[in-house]
Amino acid sequence: MSALTLTPSMEPYLLFIGLVAAERLAELATARRNTRWSLSRGATEHGRGHYPAMVALHTALLLGCVVEPLVADRPFLPALGWPALALALAAQGLRWWCIATLGPHWNTRVLVVPGLPLVAAGPYRLLRHPNYAAVVVEGAALPLVHTAWVTAAAFTLLNLLLLGVRIRCEEDALAHAAPVYRSAVPAEGRAR
């Protein structure tokens, strides 16, 4: 197969990746609206330095999902592809559950509005950082839908390093805004 010839399985996969990209644009629109809401209420932003790396990594994930199967002639393997698709869809559901639960508090940036209570509803009653769980699952599963294992492995490794920075930043920001955060919130429990 040349890079210009699509196999029958690539066409629906590319459509799916396109839908995920459109979903990302919807997330960014939501984040922009929520940023305006937060800033109008005195929010402070934390972790600005790592944000461009996060945007670049997530963009590279989507590009890798397209490029690797085409260039490396990766096949669709049903035993891998269908479970990976189910996991990718489940991750999308979890992400939008987080967005719906946090409402205007949800953002792609770390913004803390002073005086707001911590959110302990929805997925935040089960996990401290459920949105990041969705990112981890999706980052591994999305490329594996069409056997893009190099993209899955590279994103997973780089994302875990970046999430280490991101979660520390968020934890510090929340602890600074609400000093009871670290002591009042179990390791797997509530988030902002």
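All figures in this text were calculated on a predicted structure; none of them were measured in a lab.

A.B. asks: I'm lost on the pattern of salt bridges in this one. Help?
C.D. replies: Close approach of charged atoms allows side chains of opposite charge to pair. Overall, the coordinates contain 9 salt bridges when judged by the stated rule. The salt bridge partner of Glu-45 is Arg-48, with a shortest N-O separation of 3.1 Å. Given the relative accessible area of 25%, Glu-45 is considered partly exposed. When the shortest N-O distance is used, the salt bridge between Glu-138 and Arg-95 registers 3.1 Å. Here the residue Glu-138 occupies a position in helix 4 (residues 130-144), and Arg-95 occupies one in helix 3 (residues 78-102), the gap between them amounting to 43 residues.

A.B. asks: Any chance you could explain the packing of helix 1 (residues 10-40) against helix 2 (residues 51-71) here in plain terms?
C.D. replies: When two helices pack together, their arrangement is given by the angle between the helix axes and by the axis-to-axis distance. One way to put it is that helix 1 packs onto helix 2 with a least axis distance of 9 Å and a crossing angle of 165°. With respect to helix 2, the axis of helix 1 lies roughly antiparallel. Where helix 1 crosses over helix 2, the two elements pack in a sense that is left-handed. On helix 2, the residues touching Met-10, Tyr-13, Leu-14, Ile-17, Val-20, Ala-21, Arg-24 and Leu-28 of helix 1 are Tyr-51, Leu-62, Cys-65, Val-66, Pro-69 and Leu-70. Looking at the contact of helix 1 with helix 2, its residues break down into 13 nonpolar, no polar and 1 charged.

A.B. asks: Which parts of the structure should I look at to understand the packing of aromatic side chains?
C.D. replies: Centre distance and the angle of the planes are the two values used to describe a pair of aromatic rings. Using the criterion set out here, one finds 1 aromatic pair in the structure. Relative to Trp-82, the ring of Phe-76 lies with its centre 5.4 Å away and its plane at 80°, an arrangement referred to as edge-to-face. You can call Phe-76 partly exposed: its relative accessible area is 23%. Trp-82 sits in the exposed class, given a relative accessible area of 53%. Between the NZ or CZ atom of Arg-109 and the centre of the ring of Tyr-51, over which it lies, the distance is 3.9 Å.

A.B. asks: Looking at this structure, how should I read the confidence of the model for the protein?
C.D. replies: Fine structural detail should not be taken from predicted coordinates in areas where pLDDT scores are low. Overall, the prediction assigns the protein a mean pLDDT of 91, with 90% of residues at 70 or greater. Note on residues 188-192: pLDDT under 50 across the span, and 30 contacts to partners over four residues away in sequence or across chains.

A.B. asks: How should I be thinking about the environment of Ile-99 in this particular structure?
C.D. replies: Note on placement: Ile-99 falls in helix 3. For Ile-99, a relative accessible area of 7% gives the class buried. For Ile-99, the residues in contact, after removing those within four places along its chain, are Glu-27, Thr-30 and Trp-106.

A.B. asks: Can you walk me through the nonpolar core in this structure?
C.D. replies: Buried together is how nonpolar side chains tend to be arranged in soluble globular proteins. Formed by 20 residues in total, the largest nonpolar core has its most connected members in Tyr-13, Phe-16, Ile-17, Cys-65 and Leu-142. Listing elements by their share of this core, those giving two or more residues are helix 1, helix 2, helix 3, helix 4 and helix 5 (149-177). When residues in this core are grouped by element, the largest group, 7 residues, is from helix 2.

Conventions adopted
- Residues numbered from 1 in each chain as written.
- Predicted model: local features only at pLDDT ≥ 70, side-chain atom pairs only at ≥ 80, totals over all residues.
- Heavy atoms only, no water.
- Salt bridge = Lys/Arg side-chain N within 4 Å of Asp/Glu carboxyl O.
- Buried < 20%, exposed > 50% of the residue type's maximum accessible area, 1.4 Å probe, protein only.
- Helix = DSSP H or I, 4+ residues; strand = E, 2+ residues; numbered from the N terminus.
- Axes fitted to C-alpha atoms, helices over the stretch in contact; angles between N-to-C directions.
- Parallel < 35°, antiparallel > 145°, perpendicular 65-115°, else oblique.
- Left-handed = near helix turned anticlockwise from the far one by under 90°.
- Contact = heavy atoms within 4.5 Å.
- Nonpolar A, V, L, I, M, F, W, Y, C, P; charged D, E, K, R; others polar.
- Phe/Tyr/Trp six-rings, centres within 6.5 Å; stacked < 30°, edge-to-face > 60°.
- Lys NZ or Arg CZ within 6 Å of the ring centre and 35° of its normal.
- pLDDT = per-residue confidence, 0-100.
- Core = buried A, V, L, I, M, F, W, Y, C linked by side-chain atoms within 4.5 Å.

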